Amino acid sequence: MRPIMLLLALAVAVQAVPQEPVAYQLTYAAPGDTAITVRLTLPGDPAGPVTLVVPRAVPMGYSQQPYDRYVTDVRATAADGAMLAVEREEGPRWRIGAAEGRVRQVEYRVDLAAMERDIPGATDSSRVRGGYAGLLGYSVFAFVEGWEERPARLSIAGPEDWPLFTTLAPRAPPARGRARADAANFYELADSQVAIGPRLSVLRVEAGVPLYVAAYDEGSADIAFTGRLAAEAIDLLIRYFGSAPFPHYTVHMELLKPISPHHEYGFSMEHLSSSHYFLAAGTGVTPESPPEQRARVRFNFVHHIAHAWIPKRAYGEGYFPFSWELAPLIDTIWLSEGFARYIAIDAVADDLPDPDAAAYRQRMFDSMRTFLAGVPGFIRTMPLVELSRVASTRYSEDFRTGRTLFSRGALLADALDRRIRDGSRGTKRFRDAARYLMDWSTRNRRGIRVDELPGIFRDATGVDTLDIWTSWLRRDSHGYR
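None of the values given here were measured: they were computed from a predicted structure.

Q: Looking at this structure, I do not really get the overall build of the chain. What am I missing?
A: A count of helical and extended segments in the chain gives 14 helices and 20 strands. Its C-alpha atoms give the chain a radius of gyration of 23 Å, near enough to 23 Å, the size a compact globule of 481 residues would have. The dimensions of the chain, computed from C-alpha atoms along their principal axes, are 70 × 70 × 45 Å. Scored against the burial criterion, the 481 residues of the chain give a buried share of 57%. The contacts of the chain with a sequence gap of at least 6 include a subset with a gap of at least 24, amounting to 72%. For the chain, the exposed surface amounts to about 20,500 Å²; the carbon and sulfur share of it is 50%.

Encoded structure:
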């Protein structure tokens, strides 16, 4: 074999060797504890110093949260058990060890009670209540800088006989006392959730993929009925896209009594293979709930589950690789939020008879136009890319920006759909472009640039939509008239 071929073969062989995972041990030691302990064990005992980083930015949260503020008692040891130096650095960082030492383990505690007390938005905080702990991965897991793409192996320990549930490897009934799961990398670990405690309910519901409902309820919701609505939602989307990009899915619900008048409930959050719903106790749905309320709950499921396709797998620039310390400026939140909302409307309409489907679509779009008509002009007319950058750090903090983005994005999708249907004489529709976006992202493995979208839609449908893109992206005058 020639030398250059030998080098190439060796390079391929090296790349094929699986990396040893970083081991994460999460411990909730006893009922009544208000903190957890997390221990990282690093394979190969790397030479120090290494840098431990606690996330501050939340994927798809379009905000920053000071999670490092709740991390205490950071300790590190070498393979022989010797204690290593730990130095707090600027930002959410700790310097571990010295040049001559080798780092084996890093351990820290996370104060869950303080986190929930200080962060009023339920979607951004982990929590501990009597008989329950609900943990958002990105709020409790740190990483060693440069090791983000390493696989992660999670072990969870709780009080004996307490149910333990992780969205990485859901089970019904859940494991008790001990649980384990694997993640492909830190992003997948951080994007997961863990729920612990005797007040946790876990159901498996029949759907197009294994569907789990994990719920903590301080009210009186019917979790089984809610699970059936979630199953309907996920099946609508699997039919819409033609397949599911995840092997299983979890709907994680927390119906909570507020701990102060400043704490906010009613928002939801999407993840790779789960979505999380933070609701006020007493607002859950039952078979006796009015039809309008049941429809709202189902639509909320459809919209947030749709994010597992867009933008979790087909996304604009800025979503991946994710910037954990500073929230990235993203040009395409209107696509991620607006197109997902349009897809939810389209998928629900597909399940209705023709006259009802048309009326449903009209109601949904009229509601967005009514909202946009009342938004201050400087927000309503701001170019979509510019507004997206503004909302990258205040989407829900000033929800006028968030709601404007998803409304204008959904109305843009509607304009594209009408052009595609007309231009293809009914043989193509927006759904074909959405499926093509998934295929495109799988092939290219990168974020979509804004200037690529007209060509992608033309390739997907055979219809030219450039003038629509040009008009809506420059300065939208369609969505509120």
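Q: In this structure, what is going on with the sheet that holds strand β12 (residues 163-166)? I would like to understand it.
A: Adjacent strands of a sheet pair through backbone hydrogen bonds, lying either parallel or antiparallel. Spatially, the five strands line up as an open sheet ordered β8-β9-β15-β12-β13, and their pairing is antiparallel. Looking at strand neighbours, the two that pair on one side only are β8 (127-129) and β13 (175-176), the edges of this open sheet. Relative to strand β15 (residues 193-196), strand β9 (residues 132-136) runs antiparallel, the two being bridged by four bridges. Residue pairing in the sheet places Ala133 in a bridge with Ile196 of β15.

Q: Before we go on, may I ask you to explain the environment of Met269 in this structure?
A: Tracing the sequence through the fold places Met269 in strand β19 (residues 268-270). In this structure, the C-alpha to C-alpha distance between Met269 and Ile305, residues 36 residues apart in sequence, is 9.4 Å. The residues touching Met269, leaving out its near neighbours within four places in the chain, are Val58, Pro59, Met60, Gly61, Tyr138, Ser275, His276, Phe278 and His304.

Q: Is there a simple way to explain the nonpolar core in this structure?
A: What tends to happen in soluble globular proteins is that the nonpolar side chains get buried as a cluster. Counting 167 residues, the largest nonpolar core has Tyr24 and Trp334 as the members making the most contacts within it. Excluding residues that lie within four positions of it along the chain, Trp334 makes contacts with Phe339, Leu384, Val385, Ser388, Leu405, Gly409, Leu412, Val450, Leu453, Trp469 and Leu473.

Q: I'm lost on the pairing of strand β2 (residues 35-41) in this one. Help?
A: On a regular strand, each side chain points to the face opposite its neighbour's, so the side chains alternate between the two faces of the sheet. Burial within β2 is extensive, with six of its seven residues counted as buried. The pairing of β2 with strand β7 (residues 105-111) spans seven bridges and is antiparallel. Each bridged residue has a counterpart across the sheet, and for Thr37 the counterpart in β7 is Arg109.

Q: Just checking my understanding: could you explain the side chain of Ser268 for this structure?
A: Note on placement: Ser268 falls in strand β19. Exposure remark for Ser268: the relative accessible area of 11% places this residue in the buried category. For Ser268, the side chain forms a polar contact with the side chain of Asn300, separated by 3.2 Å. Ser268 has contacts with Thr123, His276, Tyr277, Phe278, Asn300 and His304, leaving out every residue within four places of it along the chain.

Q: Any chance you could explain the packing of aromatic side chains here in plain terms?
A: Any pair of aromatic rings gets described here by the distance separating the centres and the angle formed by the planes. For the coordinates displayed, the defined rule picks out 28 aromatic pairs. Ring centres 5.7 Å apart and planes at 55° place the aromatic pair Tyr187 and Trp324 in the tilted group. Of the two residues, Tyr187 is situated in helix α4 (residues 186-190) and Trp324 in the loop between α6 (291-306) and α7 (333-350); the sequence distance between them amounts to 137 residues. According to the relative accessible area criterion, Tyr187 is buried, its value standing at 11%.

Q: Which parts of the structure should I look at to understand the side chain of Thr41?
A: Locating Thr41 in the fold gives a position in strand β2. Owing to a relative accessible area of 17%, Thr41 belongs among the buried residues under this scheme. One polar contact links Thr41 to Gln105, side chain to side chain, over a distance of 3.1 Å. When sequence neighbours within four positions are dropped, the list of residues in contact with Thr41 reads Val22, Ala23, Arg104 and Gln105.

Q: Explanation requested: the sheet that holds strand β20 (residues 274-280) in the structure shown.
A: One open sheet holds the five strands; their spatial order is β16-β17-β18-β20-β19, and the pairing between them is mixed. Unpaired on one side and paired on the other, β16 (201-205) and β19 mark the two borders of the sheet. In this sheet, neighbouring strand axes are inclined to one another by 15° on average, regardless of whether the strands run parallel or antiparallel. Judged from the seven bridges that link them, strand β17 (residues 211-217) and strand β18 (residues 249-256) form a sheet pairing that is parallel. Bridge pairing in β18 places Ala214 opposite His252. Relative to the sheet, α6 contacts β18, β19 and β20, its axis offset from that of β20 by approximately 140°.

Q: Whenever I open this one, the pattern of salt bridges confuses me. Can you help?
A: Oppositely charged side chains may form a pair once their charged atoms are brought near each other. Under the defined criterion, the tally for this structure stands at 30 salt bridges. When the shortest N-O distance is used, the salt bridge between Asp45 and Arg104 registers 3.2 Å. Taken together, the positions of Asp45 in the loop between β2 and β3 (50-53) and Arg104 in the loop between β6 (93-96) and β7 put the pair 59 residues apart, joining distant regions of the chain. Its relative accessible area of 18% is what places Asp45 among the buried residues. Among the residues examined, Arg104 registers a relative accessible area of 31% and is labelled partly exposed. Between Glu232 and Arg298 there is a salt bridge, with its nearest N and O atoms 3.2 Å apart. In this pair, Glu232 is assigned in helix α5 (residues 223-241) and Arg298 in helix α6, connecting sequence segments 66 residues apart. Exposure remark for Arg298: the relative accessible area of 16% places this residue in the buried category. In the salt-bridge network here, residues are joined through shared partners; they are Asp346, Asp350, Arg361, Asp414, Asp417, Arg418, Arg421 and Arg429.

Q: Looking at this structure, I do not really get the environment of Leu154. What am I missing?
A: Topologically, Leu154 is positioned in strand β11 (residues 152-157). In this structure Leu154 comes out as buried when scored by relative accessible area, which is 1%. Here the alpha-carbon distance between Leu154 and Leu40, two residues 114 residues apart in the chain, equals 9.5 Å. Not counting residues within four places of it along the chain, the set of residues in contact with Leu154 comprises Tyr24, Leu26, Phe141, Thr166, Leu168, Ala179, Arg180, Ala181, Leu189 and Val194.

Q: Any chance you could explain α5 here in plain terms?
A: An α-helical segment advances 3.6 residues per turn. Residues three or four places apart therefore align on the same side. Look at α5: 27 Å from first C-alpha to last across 19 residues, which is about the 27 Å you get at 1.5 Å a residue. α5 sits mainly inside the fold: 14 of its 19 residues count as buried. For α5, the N-terminal cap is Asp222; the gap from its side-chain oxygen to the backbone nitrogen of Ala224 is 3.3 Å. Positive backbone phi, at 90°, marks Gly242, one or two positions downstream of α5.

Each value, and the rule that gives it
For every chain, the first residue of the written sequence is number 1, and numbering continues from 1 onward in sequence order. Confidence filtering applies because this is a predicted model: local features only for residues at pLDDT of at least 70, side-chain atom pairs given and counted only at 80 or more, and all residues used for totals across whole chains, interfaces and linings. Each side-chain value is worked out from all heavy atoms of the structure, with water and hydrogens disregarded. Secondary structure follows DSSP: runs of H or I at least 4 residues long count as helices, runs of E at least 2 residues long count as strands, and numbering of each begins at the N terminus. Between the two quantities, the radius of gyration covers C-alpha atoms and the globule rule is 2.2 Å times the number of residues to the power 0.38. With a 1.4 Å probe rolled over the protein chains alone, any residue whose accessible area is under 20% of its type maximum counts as buried; one over 50% counts as exposed, and the rest are partly exposed. When checking whether two residues touch, look at their non-hydrogen atoms; a contact exists if any pair is within 4.5 Å. Areas reported here follow the Shrake-Rupley algorithm with a probe of radius 1.4 Å; residue values treat only the protein chains shown as occluding. A pair of strands counts as paired when DSSP detects no fewer than two bridges linking them. Within this scheme, the nonpolar core is defined by two criteria: the residues are buried Ala, Val, Leu, Ile, Met, Phe, Trp, Tyr or Cys, and they are joined through side-chain atoms within 4.5 Å. Polar contacts here mean pairs of N or O atoms no more than 3.5 Å apart (in protein, one a potential hydrogen donor and the other a potential acceptor; neighbouring residues in sequence count only if both atoms are side-chain atoms). Here the aromatic set is Phe, Tyr and Trp, taking the six-membered ring for Trp, and pairing holds for ring centres within 6.5 Å; pairs whose planes are under 30 degrees apart are stacked, those over 60 apart are edge-to-face, and all others are tilted. Note on geometry: axes are C-alpha line fits, over the in-contact stretch for helices, and angles between N-to-C directions span 0 to 180 degrees. Any Lys or Arg side-chain nitrogen located within 4 Å of an Asp or Glu carboxyl oxygen qualifies as a salt bridge. What a helix is expected to span follows from its residue count: subtract one and scale by 1.5 Å.

Interpretation note: all reported values are geometric properties and have no functional meaning in isolation.
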